[in-house]
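Residues per chain, in single letters:
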Amino acid sequence: MSADARARGATPRDHLLEIAGDLFYREGINTVGVDRILSEAGVTRATMYRHFAGKEQLVIAYLQREDGLVRAQFEAAAEHAVSPEHLLELAVEGVADDASRHHTRGCPFINATAEYSDPASPVRGVVAEHRAWFRATLREYLVAVGRDDPDDRADTLVMLRDAVLVGSYLGDPDKVRKTFLRNARKVAGLP
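Residues numbered from 1 in each chain as written. Predicted model: local features only at pLDDT ≥ 70, side-chain atom pairs only at ≥ 80, totals over all residues. Heavy atoms only, no water.

**Student:** Can you explain the overall build of the protein? Please cite residues and give values.
**Tutor:** Counting secondary structure elements, the protein contains 10 helices and zero strands. A compact globule built from 191 residues should have a C-alpha radius of gyration of about 16 Å, and the protein, at 18 Å, falls within 12% of that. On the principal axes, the C-alpha backbone points of the protein span a range of 55 × 35 × 30 Å. Within the span of the protein, comprising 191 residues, buried residues form 43% of the whole. Counting only contacts in the protein whose residues sit at least 6 apart along the sequence, the fraction spanning at least 24 positions is 65%. Just so you have it, the protein exposes about 9,800 Å², and 53% of that area is on carbon and sulfur atoms. Once the 25 positive and 29 negative side-chain charges of the protein are each reduced to a mean point, those two points are 3 Å apart. (Helix = DSSP H or I, 4+ residues; strand = E, 2+ residues; numbered from the N terminus. Rg over C-alpha atoms; globule rule 2.2 N^0.38 Å. Buried < 20%, exposed > 50% of the residue type's maximum accessible area, 1.4 Å probe, protein only. Contact = heavy atoms within 4.5 Å. Areas by Shrake-Rupley, 256 points an atom, 1.4 Å probe, with all protein chains shown as cover. Lys, Arg positive; Asp, Glu negative; His and termini not counted. Charge placed at Lys NZ, Arg CZ, Asp CG, Glu CD.)

This is how it looks when you write it as structure tokens:
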């Protein structure tokens, strides 16, 4: 483990997961081999297998970590929101911020799905769980502010999130952000 990781108090598992996740996100899951991950993380094969049964388990942990980060952002927004309407606004802004600050190479869940075509794979299961949680949370926020047709609105907001994450990577991030915010606010019934 690197001196930087030790200074931050990262466990070998967390350090390995951080390095693997960064490589998976930047270069693609299938293009990054285990040997490269081990080399960049500065850990042995035994260390990896102590924490993960194999590469697929590492991929699953990476996606679960991504899911946890998004959930933490939503929890932080809920702590700071002064009303249900404000919480909905923070959720929309948070998606835009995520696309322009953290996930500038597309959506990690969409990217993983592109590399795991079998809908029954455990990787796709993690993606499906994340998307179901995200949609249900948006629906909950829409219900809390009394919007009609919360199911359709939540579905549309999920689709717009997909679009801003992919569009920011493929096009002009500032323009995509503005387009997303304008349309997401309209769908959410926000001014």
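Next, the rest of the story.
**Student:** Could you give me a rundown of the UniProt feature "DNA-binding region" (unreviewed entry) in the protein, with the residues and numbers involved?
**Tutor:** Within this structure's numbering, the places UniProt gives as "DNA-binding region" (unreviewed entry) are residues 33-52. Secondary structure over residues 33-52 splits into 75% helix and 0% strand, and the C-alpha atoms at its two ends are 14 Å apart. (UniProt positions renumbered as here; feature names shortened; annotations may be inferred.)

**Student:** For the domain arrangement of the protein, give the residues involved together with the corresponding values.
**Tutor:** Taken domain by domain, the protein comprises domain 1 (10-52) and domain 2 (61-188). Each of domain 1 and domain 2 has a C-alpha centre, and these two points are 26 Å apart. With 11 residues of domain 1 at the contact, the number on the domain 2 side is 13 residues. Here domain 1 and domain 2 share an interface that buries about 1,000 Å² over both sides, 60% of which is from carbon and sulfur atoms. Of all residues in domain 1, the largest losses of buried area upon contact with domain 2 belong to L17, Y25 and I29, amounting jointly to 60% of the total for that side. For the interface between domain 1 and domain 2, the tally reads zero salt bridges. Between the two partners, domain 1 and domain 2, sit seven residue pairs in polar contact (both at pLDDT 80 or more). (Domains from an automatic or database assignment. Buried area = accessible area lost by both parts, 1.4 Å probe. Salt bridge = Lys/Arg side-chain N within 4 Å of Asp/Glu carboxyl O. Polar contact = N/O pair within 3.5 Å; in protein donor to acceptor, adjacent residues only side chain to side chain.)

**Student:** Please set out helix α3 (residues 34-41) residue by residue, giving values where relevant.
**Tutor:** All of the buried residues along α3 are V34, I37, L38 and A41. Buried residues along α3 cover an arc of 95° about the axis, so they all sit on one side. Turned more than 90 degrees away from the buried face of α3 sit D35 and S39, all of them exposed. Looking one or two places after α3, you find G42, whose phi comes out positive at around 70°. (Arc of directions from axis to C-beta.)

**Student:** Would you mind going over unusual backbone geometry in detail, with residue names and values included?
**Tutor:** If you check the backbone angles, D149 has positive phi at about 50° while not being a glycine. You can see D149 is positioned in the loop between α8 (122-144) and α9 (150-170).

**Student:** Please provide a residue-by-residue account of the confidence of the model for the protein, values included.
**Tutor:** A residue-level look at the protein finds 95% of positions with pLDDT of 70 or above and a mean pLDDT of 95. For the protein, per-element mean pLDDT is lowest for helix α1 (residues 3-7), which scores 46, and highest for α8, which scores 98. (pLDDT = per-residue confidence, 0-100.)

**Student:** Could you give an account of the pattern of salt bridges, naming the residues involved and the relevant values?
**Tutor:** Pairs can form between side chains of opposite charge whenever their charged atoms are close. Evaluation of the coordinates by the stated rule reveals 17 salt bridges. The salt bridge involving E27 is made with R26; its shortest N-O contact spans 3.6 Å. For E27, a relative accessible area of 33% puts it in the partly exposed group. By relative accessible area, which is 35% here, R26 ends up partly exposed.

**Student:** Just give me the short version of the packing of aromatic side chains, but keep the residues and values in it.
**Tutor:** In this structure the tally under the stated criterion is five aromatic pairs. Both rings, one in W133 and one in F134, keep their centres 6.3 Å apart while their planes meet at 55°; by these two values the pair is tilted. Of the two residues, W133 and F134, both sit in the buried class. Three or more aromatic residues joined by ring pairs form one cluster here, namely F74, W133, F134 and Y141. The ring of F134 is capped by R161, whose NZ or CZ atom sits 4.0 Å from the centre of that ring. (Phe/Tyr/Trp six-rings, centres within 6.5 Å; stacked < 30°, edge-to-face > 60°. Lys NZ or Arg CZ within 6 Å of the ring centre and 35° of its normal.)

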